[in-house]
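Architecture and fold: a report
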Amino acid sequence: MLGVIEKFWESLSGDVQSYIISISAGLTTDVLKKITFKSNSNDHLFFGYSSATLWLKWTVINKSSKLFYLEIPHPNLDSIHCYRIVNNKIEVIKTGDYYPFQTREIDHQHFIFTIPVTKDKIIYYFKIKTSGYLTTKPIIVSDKKLQKNNIVENAIVWSFFSIMIILALYNL
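Figured I'd write up the structure that's included with this text.

Here the focus is the pairing of strand β7 (residues 79-86). Counting buried residues in β7 gives eight out of eight residues, a clear majority hidden from the surface. Of the two faces of β7, both are covered, the one formed by S79, H81, Y83 and I85 as well as the one formed by I80, C82, R84 and V86. Judged from the eight bridges that link them, β7 and strand β10 (residues 122-129) form a sheet pairing that is antiparallel. Considered in β10, the bridge of Y83 is made with Y125. As judged from the seven bridges shared by β7 and strand β8 (residues 89-95), these two strands associate in the antiparallel manner. Bridged to V86 within β8 is K89.

This paragraph deals with the pattern of salt bridges. For the coordinates displayed, the defined rule picks out two salt bridges. Between R84 and E91 there is a salt bridge, with its nearest N and O atoms 3.3 Å apart. In this structure E91 comes out as partly exposed when scored by relative accessible area, which is 39%. The partner of R84 in a salt bridge is E105, and the shortest N-O contact between them spans 2.8 Å. Of this pair, R84 sits in strand β7 while E105 sits in the loop between β8 and β9 (111-115); the two residues are 21 residues apart in sequence, bridging distant segments of the chain. Assessed through its relative accessible area of 3%, R84 is described here as buried.

Moving on, we come to the sheet that holds β9. The strand order across the open sheet built from three strands is β9-β6-β12, with neighbouring strands paired in antiparallel fashion. Sheet topology places β9 and β12 (139-142) at the edges, where each strand pairs with a single neighbour. This sheet shows a mean twist of 30 degrees between the axes of neighbouring strands, independent of strand direction. Relative to β12, helix α2 (residues 143-170) is tilted by about 95 degrees, and along the sheet it contacts β6 (68-72), β9 and β12.

Definitions and limits used
Residues numbered from 1 in each chain as written. Predicted model: local features only at pLDDT ≥ 70, side-chain atom pairs only at ≥ 80, totals over all residues. Heavy atoms only, no water. Buried < 20%, exposed > 50% of the residue type's maximum accessible area, 1.4 Å probe, protein only. Helix = DSSP H or I, 4+ residues; strand = E, 2+ residues; numbered from the N terminus. Pairing = 2+ DSSP bridges. Salt bridge = Lys/Arg side-chain N within 4 Å of Asp/Glu carboxyl O. Axes fitted to C-alpha atoms, helices over the stretch in contact; angles between N-to-C directions. Contact = heavy atoms within 4.5 Å.

So yeah, pure geometry; function would need other evidence.
Structure (structure tokens):
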């Protein structure tokens, strides 16, 4: 499944995520449309260390009036090319550790991509390349849930830094 979709399932639906692993990084979206992807029934993707290119595919329909995001919570990916296809129009977003932070669609430590509000089917192809360990749990989150997660994460990080500052000052 595409991760935790909460109670928004009736207005946001998607196929089971699927993937292929390619030694050749030169696959195009035209070729990808003809390839049969392997289904993934787990909510996590585990691929270990590999120099191969990983291609992920999601088919999503956002029938609601709310904005949703597709989040890949693995901030150490070297290169992610997102191909978003809506009404046979392809939008390409290139991001990752090898690219400046400004290339991210949403300013966040994870890779977050917008799911447009449309009655049409949206197909996402992700071309992922990394030199490190590849494990991830892609999820779909609402705007409200994304903001709530950010507040909680920031509170935890700032609590940690506050404790470190207090300990440093105490030891002066």
